[in-house]
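# Descriptive structure summary
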Amino acid sequence: MGKQKTKKFAAMKRMINLKDHRIKEKDRAKAKEKKKKDPSELKEREVTKYPSCLFFQYNTQLGPPYHVLVDTNFINFSIKAKLDIVQSMMDCLYAKCIPCITDCVMAEIEKLGMKYRVALRIAKDPRFERLPCTHKGTYADDCLVQRVTQHKCYILATVDRDLKRRIRKIPGVPIMYISNHRYNIERMPDDYGAPRF
């Protein structure tokens, strides 16, 4: 009896290299020419520019009344912990606080549906300052990071770990978070009268 041939799976046809000598001269891929680096040439580096309001880690634009940018999950966790947002912020910072909410965060809360209607009602509170967004898309994290990098006058309130990690890389932006059923602040300079944790 004859041997059965097994079919080879994922067998590819061998392709000829574009630099192969069997291909006509005009169709051949040309070898890349390496540029010799001139040792006397000036080296250019991209250095990030920091705003003049920062004096090392001290942010001169921060001061009462504090403008606090609020994230979606911060509102939801505040409801779970049964905390009044404005009052708890004042208890944390010992000064007047103005919670600010962007259009992206508002759209994100609206997308969550009926389950989070309490959060939506809180976000529409007249004590909250509404910030319009000019960019495309409604991804709140990118919007908040962009706003905080442009204007250093905000404290960012969030519980999201990834967003916190991104904000920590930006100098001079304090982060407000929830722990032990109260608000705490991270990276706040001592001179502002707020407690340091």
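Cut-offs and rules
- Residues numbered from 1 in each chain as written.
- Predicted model: local features only at pLDDT ≥ 70, side-chain atom pairs only at ≥ 80, totals over all residues.
- Heavy atoms only, no water.
- Pairing = 2+ DSSP bridges.
- Helix = DSSP H or I, 4+ residues; strand = E, 2+ residues; numbered from the N terminus.
- Axes fitted to C-alpha atoms, helices over the stretch in contact; angles between N-to-C directions.
- Contact = heavy atoms within 4.5 Å.
- Core = buried A, V, L, I, M, F, W, Y, C linked by side-chain atoms within 4.5 Å.
- Buried < 20%, exposed > 50% of the residue type's maximum accessible area, 1.4 Å probe, protein only.
- Parallel < 35°, antiparallel > 145°, perpendicular 65-115°, else oblique.
- Left-handed = near helix turned anticlockwise from the far one by under 90°.
- Nonpolar A, V, L, I, M, F, W, Y, C, P; charged D, E, K, R; others polar.

Strand order in the open sheet made by the six strands is S5-S4-S3-S6-S7-S8, with mixed pairing throughout. Edge positions in the sheet fall to strand S5 (129-131) and strand S8 (182-186), since each has one partner strand and no second. Averaged over all neighbouring strand pairs, the angle between strand axes comes to 35°, with direction disregarded. With three bridges connecting them, strand S4 (residues 97-102) and S5 associate as parallel partners. Bridge assignment links Cys100 to a residue of S5, and that residue is Glu129. Docked against the sheet, helix H2 (residues 85-93) engages strand S3 (66-70), S4, strand S6 (154-157), strand S7 (175-179) and S8, running at close to 50° with respect to S8. Helix H5 (residues 140-150) contacts S3, S4, S5 and S6 of the sheet and is inclined by roughly 160° relative to S6.

Once that is clear, we can look at the nonpolar core. By size, the foremost hydrophobic cluster in this structure holds 46 residues, and its most contacted members are Met89, Ile167, Met176 and Tyr183. Residues within four places of Tyr183 in sequence aside, it is in contact with Phe74, Ser78, Leu83, Ile85, Ser88, Met89, Cys92, Met176, Tyr177 and Ile178.

Moving on to the packing of H5 against helix H6 (residues 161-168). For the pair H5 and H6, the least separation of the axes is 11 Å and the interaxial angle reads 20°. In terms of their interaxial angle, H5 and H6 are classed as roughly parallel. Helix-helix and strand crossings are classified by hand; for H5 and H6 the assignment is right-handed. Residues Asp141, Asp142, Leu144, Val145 and Val148 of H5 pack against Leu163, Arg166 and Ile167 of H6. Class assignment of the residues belonging to the contact of H5 with H6 gives a composition of five nonpolar, no polar and three charged.

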